[in-house]
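# Close look at the chain arrangement
Residue-level listing of the chains:
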Protein chains: 2
Amino acid sequence: RATVIARGLASLKQPSSLFAPLDTFTERHVGPEDSEASAMLSKLGYKSMEEFLGDAVPSKIRVPSSSVDDAVIPAFSESQLLKRARELAQKNKAMKSYIGMGYHDAVVPPVILRNVMENPQWYMPYTPYQPEIAQGRLESLVNFQTMVMSLTGMDIANASLLDEATAAAEAMIMAYVQSGQKKSTFLVDSGVSPQTLSVLRIRAKGFGMKVVVGDIATLVADESLRPLVNGVLVQYPDVNGACKDFEGLAKTVHGFGGLVACATDLLALTMLKPPGEWGADIALGNSARFGVPPGYGGPHAAFFAVTDKLKRKMPGRLIGRSRDSTGAPAYRLALQTREQHIRREKATSNICTSQALLANMAAMYAVFHGPAGLKRIANKVHGFAQVFRSSVETFGFACVNDTFFDTVTVKVDSANVLHKAAVAAGINLRPVDSTHVGVSFDETVTPDDLVKLINVFASAADASPVSLASLQAPTSLSVPDSLRRTSDFLEHPVFNRHHSETEMLRYIHHLASKDLGLVHSMISLGSCTMKLNSTSSMIPLTWPEFGSVHPFVPFDQVEGYHTVIRELEQDLCRITGFAAASLQPNSGAAGEYAGLSVIRAYHESRGEAHRDICLIPLSAHGTNPASAVMAGLKVVPVKALADGSLDLEDLKAKAEKHKDKLAAFMITYPSTFGVFEAGVQDACKIIHDNGGQVYLDGANLNAQVGLTNPATCGGDVCHLNLHKTFAIPHGGGGPGVGPICVAEHLAPFLPSHHVMENPGKGIDAVAGAPFGSASILLISWAYIKMLGGTGLAKSSQIALLNANYMAARLSGHYNLRYKNDKGRVAHELLIDLAEFDKSAGLKVMDFAKRLQDYGFHPPTCSWPISTCMLIEPTESESLEEIDRLGRRRRRWRRGAAEGEQRAEERAASDWNKPYSREKAAYPLPYLKEKKFWPTVARIDDAYGDMNLIVRLICLPALPTLTSISV
Amino acid sequence: RATVIARGLASLKQPSSLFAPLDTFTERHVGPEDSEASAMLSKLGYKSMEEFLGDAVPSKIRVPSSSVDDAVIPAFSESQLLKRARELAQKNKAMKSYIGMGYHDAVVPPVILRNVMENPQWYMPYTPYQPEIAQGRLESLVNFQTMVMSLTGMDIANASLLDEATAAAEAMIMAYVQSGQKKSTFLVDSGVSPQTLSVLRIRAKGFGMKVVVGDIATLVADESLRPLVNGVLVQYPDVNGACKDFEGLAKTVHGFGGLVACATDLLALTMLKPPGEWGADIALGNSARFGVPPGYGGPHAAFFAVTDKLKRKMPGRLIGRSRDSTGAPAYRLALQTREQHIRREKATSNICTSQALLANMAAMYAVFHGPAGLKRIANKVHGFAQVFRSSVETFGFACVNDTFFDTVTVKVDSANVLHKAAVAAGINLRPVDSTHVGVSFDETVTPDDLVKLINVFASAADASPVSLASLQAPTSLSVPDSLRRTSDFLEHPVFNRHHSETEMLRYIHHLASKDLGLVHSMISLGSCTMKLNSTSSMIPLTWPEFGSVHPFVPFDQVEGYHTVIRELEQDLCRITGFAAASLQPNSGAAGEYAGLSVIRAYHESRGEAHRDICLIPLSAHGTNPASAVMAGLKVVPVKALADGSLDLEDLKAKAEKHKDKLAAFMITYPSTFGVFEAGVQDACKIIHDNGGQVYLDGANLNAQVGLTNPATCGGDVCHLNLHKTFAIPHGGGGPGVGPICVAEHLAPFLPSHHVMENPGKGIDAVAGAPFGSASILLISWAYIKMLGGTGLAKSSQIALLNANYMAARLSGHYNLRYKNDKGRVAHELLIDLAEFDKSAGLKVMDFAKRLQDYGFHPPTCSWPISTCMLIEPTESESLEEIDRLGRRRRRWRRGAAEGEQRAEERAASDWNKPYSREKAAYPLPYLKEKKFWPTVARIDDAYGDMNLIVRLICLPALPTLTSISV
Ligand SMILES: Cc1ncc(COP(=O)(O)O)c(C=O)c1O
Ligand SMILES: Cc1ncc(COP(=O)(O)O)c(C=O)c1O
Ligand SMILES: O=C([O-])O
């Protein structure tokens, strides 16, 4: 029955005043119009939103609506926001940065900018949990993996990590695990970037490891150290630019059983012998210079590749090939059993959100340029560095490194004087120390830029300025012969046939056409908050004033960014009720780790470093226990009662039992069962009474804004998923931002960053860049500013209403597993499908696949309970869409077994199913108008894990020109 | 057999110098790499490109390669171009314009900006000639038609015209035709915009009509005029802002058999009684303020709507509903028999390219805002005008008009003084005369803007400045009661259910998913030049510095635009060999009209106004004869020889016969048969010897650049389709730009524009804006600058090579209808399928539809010869893609009858075709990986024309809230 609502002339409110803006965001963000919301409320038996909220949210934890309204966070209309963003953009100084240290400016090929980065088909989907409707981005991630394997010469690569620094930490932990957790010293070369060192230091702490930094050759030569060493990390080329031969080192380290990890640079590897060819066990780094501008720190995709023997210990998501039910090849997430959502505190990986969108951009960059194009870019970057070096040498400067790819470190009389002169010329150099500066080149440097740069040095040396015409291109490489790359790379056709824009465009759109995303229909993935990612919040992101800023520039150059950061921190504090925030963590899981580390530092500051027990409910997301372990905590599980709520008795008993060692309690609120528990404050009190701190997992904050908040619930620290509640698009599995907000007493311990001015006295950095993935903070900033406090609160209210309305539509047909004493759920709902297994042998996945036939992305499956689906509609879905899913779900209660389909099968000549083709493909009439065809049939997971293939199939050689036939 | 070419490390050229840019455009634009081009050449039996060109292009007409190379047009790399565009953008002064006159700034909803305007799925396809694979944009154009009908209250509307001024001219001609071409006076109210008057004047000339301008009531009262009058044009509201009641006028005019045309404003019609309700026969205007910023003149979609009785005389494209072979509803181009491509010189319409993309944007704007949202915008605009008016009245200014929607004309002591003060405040007012200024409001005006504007008047009157707080919102409308709109509008659900961004986004992507475009595969539409529309050339277009410029601002505010315009004119002159250019015409057909009018003016200047014979080959595009008639010329057809070339004997005979009255000869070169004829210079000489001028239709210029040019061929004037050769995307059927280039002796007659400074002494304006669709000139400018002369020439060379290679692949399998004496075609080829009709009853359309099953857009069908297909691959297609089509075409020679498919049928339970489903859907294996499913089956054209339905089906009323069921 149609539920189109009359939305004609009468339905839209006239603005309050002639002078009020008309392009207000709330009505564009929130799906149901006011008249529809009223209808839904009355269907649920309520006269007002307030009455409904009274039943849904425990009154004890409610905060006054004035805590988050337009008076505290005034609303900007869309055009007002864009104007303000434009003003702030202008407040970032346009400088040319040669700072390097792993961050480079990059040219985004326009075809990739527009058709990937700015295309909702690519940036809006979630992690490809449902591979049948995600073959496009899965193939692209396999391109990424293949590219990394090919360039690094390693056997296997994952589909991205958060950044180079955390990737290095993962390597270190891998080395530790590889030693059977017996050897706890990790050696790090002094050529490794300082921000990496900082992250290694803190991450070592959780495992009681020791990081020793020094000249790696000297350290390894120390025989007394060797028995304790699980591995080493070198950087290639190193932070000062030098390209060193580590082949001997690798032999030595392998000799005493250690692993060799190498932080490296994909562009340099087009010219340098790849780590896989000289014996590295792990290669890692940052792929950003493949078409992802620095954005004041991120996001970008780190890569991580290992030798075959380490593959089952590798962190992060891995895409592998398998086959579908017709035997056709198909991609899907491989080896998921390694991941924290299965292994919890025993996981070797704590990556949930990673950097899929940025990995796809980097992969597409390689597809577009191909091996020859990349090589050409590398030659240019190297050539510029060479010209720079020989020029400054003629002025009398000495360069520290003889070998280099793109970076030269120059000895100067006074670095200060040089920096001043450079800044005056619009140039940032790398501050090394008082008598050295670093200069790194990237593909964006133009000949004019080069001349300007050289002339800063000319003038410092009182030499006469050079002109472009006077510069001589070098005739040989500045890379040692022994380190020159001789092997081919990127030989697969995908990297060799998409070099014209037309071919590239078609490839990008072809892959996109395979994926079902938010541009098609609701993605009610519980706990993922797949809400609108508005266009206006995405627009400033790709302005060069935000894109090309290096993360380590002086603060006085980034007033625009700092305003956004300050305002966002303030607003998040208002929303959470906390006192201070750090935007550094690059994902929810990283936020958890940061928050727990803050708690540990707090205990330590009070002489209670021994507190190391962390209570975690069984229903918690897998990242929670995994993070706890990484922070050096011991996990003690807490039970739930039959109604899904926390077993306060059990909590109390365990808190008291571990009283002296209790560090923290981690709780998700509303719980992962989709209910606001009334006892949350009591639970927190129990913890506090026993000396512990409360960590609130804020993944479900979308249920809370303006209604309650983590501080009021009793938490001391929480992380937020800006990529959920605050509308950063999920990018097909990242980027994310997982800021933490903390109460007053924890504020001094928030992460510092030692490359930045006034690093603070907090814990070591948890990410490579001081403000994490700074550029996408613009999205959440815009989201908050455009909704304003009142719109934010309304969004949470409608999120609750949509979920409860959906629950009502399904109840009677499905077993709603948990609800509160008033019969209400929070912002998501858990339905249990166990009965169907009993009655008809139908599993959760059968329902999931059948939903695809109806054009819907399945909800979260078998989590947090294996027989359940967790459904979160969010506030952005309209009544019509919710009704559409509601009707479908009621229908496929009856017909789940009717069959799953793919387009190809549908045209197959023989059809031997017990139901008609038509019924399978078009179970309902609307599908004749709007049908999404999955491109493969149901995929066989086990087969793929047993026969692990994670790269594109490599043809031995491409056919040559002679094969053309007319 | 695979023809993937080794494109590995060796294949890409290293740049000439370390300092050369790497992001050079030519290699991104041109499909085949150099190694592939060599292979293709050798397959054709040539050792070099030069040798091939020697056979393909007659040597007599070749120009030296130095005429178009990097020395004359230096090449910018993509990033250099974007930098230069950014600099030029900054040279347009950011002003707030209140000039009005039919041009308004507009807010593009970001979701439409990104997902329509900046989305190649929407901007790259061609006119929906193949409706089965174009249902998305067809539906959107029906939305446009429905929106226009609903807002104007008319019975039928077309799918856009070029601009308001030419739409008014079409109305005038319709009135003339309606009078049986007997009454030749057309009355125009003095409230009509001056640029419209200018276009009316010149267009009247061709038909020997008289345009009388004055107060319409007075004119109509003149009984002596009435017998001569075929119709009247009024503007509602008029250019000065007044809203007049024309109901009485309409009665009077109908009384003496005339038609009433009304230029109007869609936004005003949300508030004003629509023309259809007070008796207008024709309503027309500009839809730009529905989300299409002015762009210094365009592009934007004009609308044109008529009463039912006039529908078969309506100009322009019309989309109608029909049914497909399964009986399902489907859209397609309706009543094509009215159009010039069928009716040629007898056509009532000369619209080929119109403004589809902009019509789609305007329609989407209405879909997004819905009736209530539009009304809200109208209220704001009106309210601001009211506040302005009452404010300036308190300063003592008198306003000329008591009634208004958005425009107020103010009497001042010295307009000059006021303009100076306004400009100093960053404001442009409309110059009316020395004692009046005009002020028009649009939705972009903010309260701050309003205050600033009012204070310009305050200060001129020595009054004290106002503040926002002091401004009072009006309480009643300034529209006469009798003219208030009382009827509802936009009641169809499409305008009432897509008001959240999520819903809008899904609707846009749903429609896009139905259309096969250049993002999928080659579109080898002969004569349409579907080449790459590069992203980098599209990027500057949507920068506000180019978008929000009013076309009538003083020249000193648009240095950026004027640089682009000057450079583009120069480059086009270099390329064509001509002396001067006009960028004013908004399409190829409009260019033809302009060029012929220039020729007429030239003859007139020499006392030879009587020259009115135009020779046109039978093979010419239908727009040629239609344009000739519009320019007042009589068409005399010229025959072709059996080999497709012009019959020079016949030409000579006819030229001599009409010697005294010969005005012009129109020729397309290379001819529409796809061959360079050697005799072109001889033909031109014949014409010149007999006192005529040569008009060269430059639609095929893509075959010529750097090889020959229209001047060398012997032409005096040519038009170019910037939307073909110079890479403006086709937008699904527009926008286009059809500039004309002329020899020295014709330069003085190029179109003027009387609203602009120094209008020149040329013919009257042929379009509403001085530089036509100025903003998209950026695209062609960027295209030319990025390729540079050498890249431009290379593009033409590869276009020839691709076509000849394709011809070679098909020959032996298909009858290649024409080639030159060396066996070569030009940039396109004509294959004749007549034999298949004889042998198997297969028509051209059977082949076309079957090609869709292979994922290809069919080539141009049955034009210029009914049994033929005209195939133009363009230089942007890679060897691989050409081979793919080549193989397909050879295969469907055998299998054309195997069946055409649509997704729905494929799943139908019963299958009664003589071939298998599988064979129908997947005739070749690559289709399993990449299959485009048409959304409807073959469409019945005749049925649709007999049962003409051109709007969305209107539900009587929307179901109300009570229908929700849980
Ligand atoms: C409850 C909960 N906590 C933590 C996380 C981890 O967040 P992230 O994926 O950003 O690492 C998730 C992610 O889905 C979650 O649902
Ligand atoms: C040969 C020729 N002349 C003129 C035109 C008309 O150009 P436009 O569609 O821009 O009016 C066309 C359009 O396809 C054409 O092919
Ligand atoms: O568009 C054409 O009619 O060729």
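Just so it is clear, the model here is predicted, and its values are computed rather than measured.

This brings us to the overall build of chain A. Scanning chain A from N- to C-terminus turns up 33 helices and 27 strands. Here chain A has a C-alpha radius of gyration of 28 Å; the compact-globule value for 966 residues is 30 Å, and the two agree. Dimensions of chain A, computed from the C-alpha atoms along their principal axes, are close to 85 × 80 × 65 Å. Per-residue burial over chain A gives 69% buried out of 966 residues. Partitioning the intrachain contacts of chain A with sequence separation of at least 6 by distance along the chain shows that 76% fall at a separation of at least 24. Carbon and sulfur atoms form 53% of the exposed surface of chain A, whose accessible area is close to 29,000 Å². Each charge class in chain A can be summarised by its mean position, and for the 97 positive and 97 negative side chains these summaries are 5 Å apart.

Another point: the confidence of the model for chain A. As a general rule, the predicted coordinates of low-pLDDT regions are not to be interpreted in detail. All names here are of chain A. Looking at chain A as a whole, the pLDDT averages 93, with 95% of positions reaching at least 70. The low-confidence segment residues 954-966 (pLDDT under 50) makes 33 contacts with residues lying over four places distant or belonging to another chain. Scoring the predicted complex yields pTM 0.96 and, for the interface, ipTM 0.96.

Below, the discussion takes up the packing of aromatic side chains. Geometry of an aromatic ring pair is reported as the spacing of the ring centres plus the angle between the planes. Following the criterion strictly, the structure yields 49 aromatic pairs over all chains and no others. Centre to centre, the rings of A:Trp543 and A:Phe546 are 6.4 Å apart; their planes meet at 20 degrees, and the pair counts as stacked. The exposure class of A:Trp543 is buried, given its relative accessible area of 13%. Judged by its relative accessible area of 0%, A:Phe546 falls in the buried class. On the numbers, 5.6 Å between centres and 55 degrees between planes, the contact of B:Phe388 with B:Phe441 is tilted. With B:Phe388 in helix H14 (residues 356-394) and B:Phe441 in the loop between strand E15 (436-440) and helix H16 (447-460), the pair connects residues that are 53 residues apart, well separated along the chain. Like B:Phe441, B:Phe388 is buried. An aromatic cluster is built from A:Tyr296, A:Trp543, A:Phe546, A:Phe555, A:Tyr561 and A:Phe771, whose rings are joined through pairwise contacts. In this structure, A:Arg86 packs its charged tip against the face of A:Trp543, placed 4.0 Å from the ring centre.

The next point concerns the site of ligand 2. Residue and element names in this part refer to chain B. The environment of ligand 2 is made up of 15 residues, and the closest members are Ser527, Gly588, Asp697, His723 and Lys724. Residue serine 527 places a side-chain N or O atom 2.5 Å away from an oxygen atom belonging to ligand 2. When isolated, ligand 2 has an accessible area of 380 Å², and the protein chains bury 99% of it.

On to the environment of A:Glu501. On the secondary structure map, A:Glu501 appears in helix H17 (residues 501-512). As a C-alpha pair, A:Glu501 and A:Ser795 span 294 residues in sequence and 41 Å in three-dimensional space.

Two faces belong to every sheet, and in a regular strand the side chains alternate between them. In terms of burial, strand E9 (residues 319-324) of chain A is a largely internal element, five of the six residues being buried. The loop that links E9(A) with its antiparallel partner strand E10 (residues 329-333) of chain A comprises four residues; one of these, A:Gly327, has a positive phi angle of about 90 degrees.

Residue and element names in this part refer to chain A. Taken together, 15 residues are adjacent to ligand 1, and Ser527, Gly588, Asp697, His723 and Lys724 come closest. Measuring from an oxygen atom of ligand 1, one finds a side-chain N or O atom of threonine 353 at 2.7 Å. In this structure, glycine 588 approaches ligand 1 through a main-chain N or O atom, which is 2.6 Å from an oxygen atom. Relative to its unbound accessible surface of 390 Å², ligand 1 loses 98% to contact with the protein. A total of three residues in the shell around ligand 1 trace back to one element, the largest contributor, which is helix H21 (residues 588-605). When its residues are assigned to classes, the shell around ligand 1 shows four nonpolar, eight polar and three charged.

With that settled, the discussion passes to the sheet that holds strand E23 (residues 815-816) of chain A. Residues and elements named next belong to chain A. On the basis of which strands lie adjacent, the open sheet formed by four strands has the order E23-E24-E26-E25 and antiparallel pairing. Edge positions in the sheet fall to E23 and strand E25 (860-861), since each of these pairs with one other strand and no more. Packing of helix H26 (residues 774-810) onto the sheet brings it into contact with E23, strand E24 (829-832) and strand E26 (868-871), and relative to E24 it is tilted by some 20 degrees. Packing against the sheet, helix H28 (residues 844-853) makes contact with E25 and E26, and its axis sits at approximately 45 degrees to E26.

Moving on, we get to the nonpolar core. Counting 643 residues, the largest nonpolar core has A:Phe457 and B:Phe457 as the members making the most contacts within it. Sequence-distant contacts of B:Phe457, defined by excluding residues within four places in its chain, comprise B:Phe388, B:Val392, B:Phe395, B:Phe397, B:Val410, B:Val412, B:Leu418, B:Leu429, B:Val437 and B:Val439.

What follows is about the pattern of salt bridges. All names here are of chain A. The tally for this structure, following the rule as stated, stands at 96 salt bridges over all chains. For aspartate 945, the salt bridge identified is with arginine 332, shortest N-O distance 2.5 Å. Note that aspartate 945 is positioned in helix H33 (residues 941-946) and arginine 332 in strand E10, a separation of 613 residues in sequence. Its relative accessible area of 1% is what places arginine 332 among the buried residues. Residues participating in the shared-partner salt-bridge network are Arg84, Glu567, Asp571, Arg574 and Lys785.

Our next topic: the pairing of strand E8 (residues 302-306) of chain B. Residues and elements named next belong to chain B. The buried fraction of E8 amounts to five of the five residues, a majority that puts the element mostly inside the structure. Alternating residues of E8 divide into Ala302, Phe304 and Val306 and Phe303 and Ala305, and every residue in both groups is buried. Alignment of strand E2 (residues 156-157) against E8, held across two bridges, turns out to be antiparallel. Paired with alanine 157 across the two strands is alanine 305, which belongs to E8.

Before going further, it helps to examine the environment of B:Arg137. Residue and element names in this part refer to chain B. Considering the arrangement of structural elements, one finds arginine 137 in helix H7 (residues 135-152). A relative accessible area of 3% means that arginine 137 is categorised as buried. Excluding residues within four positions of it along the chain, arginine 137 makes contact with Trp122, Pro125, Tyr126, Thr127, Pro128, Asn360, Asp515, Leu516 and Gly732.

On to the packing of helix H5 (residues 110-117) of chain A against H17(A), then. Residue and element names in this part refer to chain A. For the pair H5 and H17, interaxial distance at closest approach is 10 Å and the crossing angle is 15 degrees. Put simply, H5 runs roughly parallel to H17. Here H5 runs over H17; the crossing is right-handed. Residues Val111, Ile112, Asn115 and Val116 of H5 form the contact with H17, whose participating residues are Glu501, Met504, Leu505, Ile508 and His509. Residues of the contact of H5 with H17, tallied by class, amount to six nonpolar, two polar and one charged.

Next up on the list: unusual backbone geometry. Residue and element names in this part refer to chain A. In this structure, the amide linkage connecting tyrosine 669 to the following residue, proline 670, adopts the cis form with an omega of -15 degrees. Take proline 670: it is sitting in the loop between strand E19 (662-668) and helix H24 (680-689). With omega at -5 degrees, the peptide bond leading from tryptophan 863 into proline 864 counts as cis. Residue position: proline 864 is located in the loop between E25 and E26. A positive phi is found at leucine 335, a non-glycine position, where the angle reads about 45 degrees. One can find leucine 335 in the loop between E10 and helix H13 (340-343). For leucine 335, a relative accessible area of 3% corresponds to the buried category. Residues other than glycine seldom take positive phi values, yet arginine 344 does so here, at roughly 50 degrees. With respect to the secondary-structure elements, arginine 344 resides in the loop between H13 and helix H14 (356-394).

About the criteria used
Residues numbered from 1 in each chain as written. Chains lettered and ligands numbered in written order. Predicted model: local features only at pLDDT ≥ 70, side-chain atom pairs only at ≥ 80, totals over all residues. Heavy atoms only, no water. Helix = DSSP H or I, 4+ residues; strand = E, 2+ residues; numbered from the N terminus. Rg over C-alpha atoms; globule rule 2.2 N^0.38 Å. Buried < 20%, exposed > 50% of the residue type's maximum accessible area, 1.4 Å probe, protein only. Contact = heavy atoms within 4.5 Å. Areas by Shrake-Rupley, 256 points an atom, 1.4 Å probe, with all protein chains shown as cover. Lys, Arg positive; Asp, Glu negative; His and termini not counted. Charge placed at Lys NZ, Arg CZ, Asp CG, Glu CD. pLDDT = per-residue confidence, 0-100. Phe/Tyr/Trp six-rings, centres within 6.5 Å; stacked < 30°, edge-to-face > 60°. Lys NZ or Arg CZ within 6 Å of the ring centre and 35° of its normal. Near = heavy atom within 4 Å. Polar contact = N/O pair within 3.5 Å; in protein donor to acceptor, adjacent residues only side chain to side chain. Pairing = 2+ DSSP bridges. Nonpolar A, V, L, I, M, F, W, Y, C, P; charged D, E, K, R; others polar. Axes fitted to C-alpha atoms, helices over the stretch in contact; angles between N-to-C directions. Core = buried A, V, L, I, M, F, W, Y, C linked by side-chain atoms within 4.5 Å. Salt bridge = Lys/Arg side-chain N within 4 Å of Asp/Glu carboxyl O. Parallel < 35°, antiparallel > 145°, perpendicular 65-115°, else oblique. Left-handed = near helix turned anticlockwise from the far one by under 90°.

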